[in-house]
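# Structural overview
So you can see what is in the structure, the chains are spelled out below.
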Amino acid sequence: MATRKPRSGGKGVKTGDAQANAMLLAQDANVRDVKSADLLKRLMLAYASAVNTDRAFVDWRDGLKPVSRRVLYALSKQTAKIKSAKVVGDALGDYHPHSGEAIYGALVTMVNSGTAPATGLGNWGTPTDGCAAMRYTEATMSEFGRSMFVGSYINRDVTPFVDNYDNTKKEPLVLPSLLPNVFFNGTSSIGVGLAARLPTFTPTSVLDVMVGVLDGQGFDPIRWAKTLKLFESWGGNLVRTRENMKAFVEFLKSPNGKGSLLFEMDHEVNDDNRTIVLRKFIPVGDTEKLIDKLRDLDIVRSVSQEGGKHTTVIRFVSGINAAQFDSAVAKVKKMLTVRQAYSITVLDRVPIDVNNPQEVKNKMLADDDFVVNFHSVGVPKLMGMWLKWRIQLERDSLTWRIKQIDSKIDLLNLLIVAADNKPIIMKALDTSDPAAYLMKAFKWSLDQANTLLSRRIRQLSKADAGKFRDQLAQTLKVKTDLQRRLKNPKKEVRDFLANARDAFALEQTGMGMDVYRLKSKISSLIAGADASETTDAALSD
């Protein structure tokens, strides 16, 4: 048998030589001798932190997990329906380098949500069948989804941005959700040592309560229980028994959002045809197993999907009398009832405060640009948190819009001077230092001179001065209106939510909430920001 020779290098140290290994470790100051248990504990804590903060839990401000936020951000850059594989590839390569299937799963969930941030073309699945592969389906943003990407809100002066995973791009830390998506699309979160299940409410009922809160109405659990309507995208109606409604009230009163409620499928019993028509599916459980159990019943002849993916028909065997049918219906109804437990745990990620030494130290240790805060809260507290944040978002956006308007006003004033003094401008352009000439002639700053020189001012004429003065008058009116609105951002939010509530009510269908046509509401809300833009050639770069 051949004898294995020792590995060369390192002064001829043999593999497994403990003394030599210790000498090598001593030569590297970055290598430490630690107990395996301590190392595993530290690595597990790091893994748990990464899962909980960057994978599992939603941010209460936009109601999204990081993967969903990144998918929407990638999708927002498209103007038409595109292959889902393209969306997944963009999100995977630029923002979320984990799993293409996980990213596609997040997109499928959003397309199938009751208040969908994205819409799809193709087979996106049913309660019993999976969706088609990503190479077959297409996706685009819904109008509701686009409400999270309004230009006067999603900019770096209003929305916090951080580096992506490889520091080559910027991504939003949270989306400026103009509507409370956290209440529209509840979700499950399973982290390490933490779990959550957020409820889903119909948009109209949530907005109705929020408008009341902004009008000064306090928390009334009985009234809220009558107004708020729990909703599940695939179905599930709250069982309206006295005990269950009492549990709903207690859930709303719970300080940490914990509760357990009974749901049943939306169904219709037809005595003449001996059928039960299921309009929706219960919110939890394995739907395929449920249908298999129904088919296994002796009294059931068939269970089939008819008239679309939301409708399932149960047909009973022929020849049974009324009493037998009633007994069969009671047995099936029992199978169509399920208990859903809720527990509200959410987080927010806020940018590092560079003036806080501890946060700066944490950034260096964790290599993060943000601080994570977890919240275990009840429905009223979560609603109050969101409204407070939404009002601040409106204040920040209005401030940004006024800043943009001020820049336009400054430019128009420069252009008016230039149009009124064309000979001086032309003479300046013929000098070796046009900026210095303009600064001296008009007592301008260097920035003002350079701003004017960056425009196509050779094309200006005396007639342009009147046009610029008209634009200036209109722009000053816009600024006055924005300043008025800035004095009471709470009213701006209240009116926006009230308009959204009415629009949602018009879009409501028998199957729940259809895609929300928010475009006209957004247009009126950001009219001031639109007024700061122009297509005039003289104002273009």
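Our subject is the structure listed above.
Let me sum up the structure you'll find in this document. Everything quoted here is computed from the prediction, not taken from an experiment. Positions within a chain are numbered from 1, following the residues in the order the chain's sequence is written. In view of the model being predicted, local features appear only for residues whose pLDDT reaches at least 70, and side-chain atom pairs are presented and counted only at 80 or more, with totals across whole chains, interfaces and linings using the full set of residues. Heavy atoms throughout the structure, all of them, feed into the side-chain values; hydrogens and water do not.

### With respect to unusual backbone geometry
The bulk of non-glycine residues show a negative phi, and the bulk of peptide bonds are trans. Put simply, the rule reads: To qualify as a helix, a DSSP run of H or I must reach at least 4 residues; to qualify as a strand, a run of E must reach at least 2; elements of each kind are numbered from the N terminus.
At asparagine 167, a position not held by glycine, the phi torsion is positive, near 60°. Mapping asparagine 167 onto the fold places it in the loop between strand S4 (161-163) and strand S5 (170-172).

### What about the environment of serine 113?
Summarising the element assignment, serine 113 is placed in the loop between helix H5 (100-111) and strand S2 (118-121). Residues serine 113 and phenylalanine 184, spaced 71 residues apart in sequence, show a C-alpha to C-alpha distance of 9.0 Å.

### As for the sheet that holds S2
Inclusion rule: Strands qualify as paired when DSSP identifies two bridges or more between them.
Taken in spatial order, the 3 strands of this open sheet run S1-S3-S2, and their pairing is antiparallel. Each edge of the open sheet is held by one strand with a lone partner, namely strand S1 (82-83) and S2. Two strands pair when backbone bridges link them, and S2 and strand S3 (residues 138-141) are joined in this way by 4 bridges, in the antiparallel orientation. When the sheet's bridge partners are listed, alanine 118 is paired in S3 with methionine 141.

### As for the nonpolar core
Selection rule: To form a nonpolar core, buried Ala, Val, Leu, Ile, Met, Phe, Trp, Tyr and Cys residues must be joined to one another through side-chain atoms within 4.5 Å. Exposed residues in this analysis have more than 50% of their type's maximum accessible area, buried residues have under 20%, and partly exposed residues fall in between, with area computed by a 1.4 Å probe over protein chains only. Two residues form a contact once any of their heavy atoms are found within 4.5 Å.
Core analysis: the largest hydrophobic core is formed by 86 residues, its most contacted members being Leu107, Leu179, Phe183, Phe248 and Leu497. Top contributing element to this core by residue count: helix H14 (residues 379-420), with 10 residues. Leucine 107 has contacts with Val71, Ser84, Val87, Ala118, Trp124 and Ala139, leaving out every residue within four places of it along the chain. Ile405, Leu438, Phe442 and Trp444 belong to the second largest nonpolar core, which has 24 residues in total.

### Some thoughts on the side chain of serine 343
Our working rule: Polar contact is the term for a pair of N or O atoms within 3.5 Å; when the atoms are in protein, one must be able to donate a hydrogen and the other to accept it, and sequence-neighboring residues count only if both atoms are side-chain atoms.
Take serine 343: it is sitting in the loop between strand S14 (337-342) and strand S15 (345-351). Here serine 343 falls in the buried class, since its relative accessible area comes to 12%. Here lysine 258 takes part through its side chain, which lies 2.9 Å from a polar atom of the side chain of serine 343. For serine 343, the contacting residues outside a window of four places in its chain are Ala195, Ala196, Arg197, Leu198, Gly257 and Lys258.

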